[in-house]
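One-letter residues, chain by chain:
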Amino acid sequence: RYKDGWHKASDINNNMILEVIESRVGTYLVNWDGEGKKNDSYWIPDWKSILIVPIIYNGFVKGILYLTVSINEKEFNHNDLNFVDTLSGIFAAII
């Protein structure tokens, strides 16, 4: 988290992305089934909180915002979903 440079790609939940594209509605969840690495200190799985929002412009899904964070740091909620959904509208106008 505090290191400079690019973050290595994490596991992406492709099924959730397809659901968001088809439903055209954002969602947030904790990926309990993910194969996250174990926490080195306690050997507890490092599950991820996921927030996925479609970027829609003129009725077409132009992209997806896919955010993840360890639930040890934050768990996404409805306020986060509303905020990112608002940002996706701004991004859609720029794209």
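Residues numbered from 1 in each chain as written. Predicted model: local features only at pLDDT ≥ 70, side-chain atom pairs only at ≥ 80, totals over all residues. Heavy atoms only, no water.

## What about the overall build of the protein chain?
Looking only at helices and strands, the protein chain features two helices and three strands. The 95 residues of the protein chain split such that 26% are buried. If you take every contact in the protein chain between residues at least 6 apart in sequence, the share linking residues at least 24 apart comes to 50%. Total accessible area computed for the protein chain in this model is approximately 7400 Å², and 54% of it derives from carbon and sulfur atoms. (Helix = DSSP H or I, 4+ residues; strand = E, 2+ residues; numbered from the N terminus. Buried < 20%, exposed > 50% of the residue type's maximum accessible area, 1.4 Å probe, protein only. Contact = heavy atoms within 4.5 Å. Areas by Shrake-Rupley, 256 points an atom, 1.4 Å probe, with all protein chains shown as cover.)

## A closer look at the packing of aromatic side chains
Aromatic ring pairs are described here by two measures, namely the spacing of the ring centres and the angle between the planes. Tallied over the full model, the rule gives one aromatic pair. Ring geometry for Trp-32 and Trp-47: centres 5.0 Å apart, planes at 70°, overall edge-to-face. Of this pair, Trp-32 sits in the loop between strand 1 (27–31) and strand 2 (48–57) while Trp-47 sits in the loop between strand 1 and strand 2, and the two are 15 residues apart along the sequence. (Phe/Tyr/Trp six-rings, centres within 6.5 Å; stacked < 30°, edge-to-face > 60°.)

## Observations regarding unusual backbone geometry
Generally, phi is negative for residues other than glycine and the peptide bonds are trans, each holding for most cases. Phi angles above zero are rare outside glycine, and Arg-24 is one such case at about 60°. Structurally, the position occupied by Arg-24 is in the loop between helix 1 (14–23) and strand 1. On the basis of relative accessibility, which here comes to 36%, the residue Arg-24 falls in the partly exposed class. One non-glycine residue, Asn-58, lies in positive phi territory at about 55°. The residue Asn-58 is located in the loop between strand 2 and strand 3 (60–70) in this model.

## Structural notes on the environment of Asp-11
When you line up the elements, Asp-11 lands in the segment before helix 1. The sequence separation of Asp-11 and Lys-48 amounts to 37 residues, and the corresponding C-alpha distance is 9.7 Å.

## Brief notes about the sheet that holds strand 3
The strand order across the open sheet built from three strands is 1-2-3, with neighbouring strands paired in antiparallel fashion. The open sheet has two free edges, formed respectively by strand 1 and strand 3, since each of these has just one partner strand. Neighbour-to-neighbour, the strand axes of the sheet open up by a mean angle of 20°, direction not taken into account. Pairing between strand 1 and strand 2: five bridges, direction antiparallel. Across the sheet, the residue bridging to Val-30 is Ser-49, located in strand 2. Packing of helix 2 (residues 78–94) onto the sheet brings it into contact with strand 1, strand 2 and strand 3, and relative to strand 2 it is tilted by some 35°. (Pairing = 2+ DSSP bridges. Axes fitted to C-alpha atoms, helices over the stretch in contact; angles between N-to-C directions.)

## Overview of the nonpolar core
Residues Leu-51, Val-53, Ile-55, Leu-65, Val-69, Phe-76, Leu-81, Val-84 and Ala-92 constitute the largest nonpolar core, which totals nine residues. Looking at this core, the elements that each hand over two or more residues are strand 2, strand 3 and helix 2. Excluding its chain neighbours within four sequence positions, the residues that come into contact with Phe-76 are Tyr-28, Ser-49, Ile-50, Leu-51, Leu-67, Thr-68 and Val-69. (Core = buried A, V, L, I, M, F, W, Y, C linked by side-chain atoms within 4.5 Å.)

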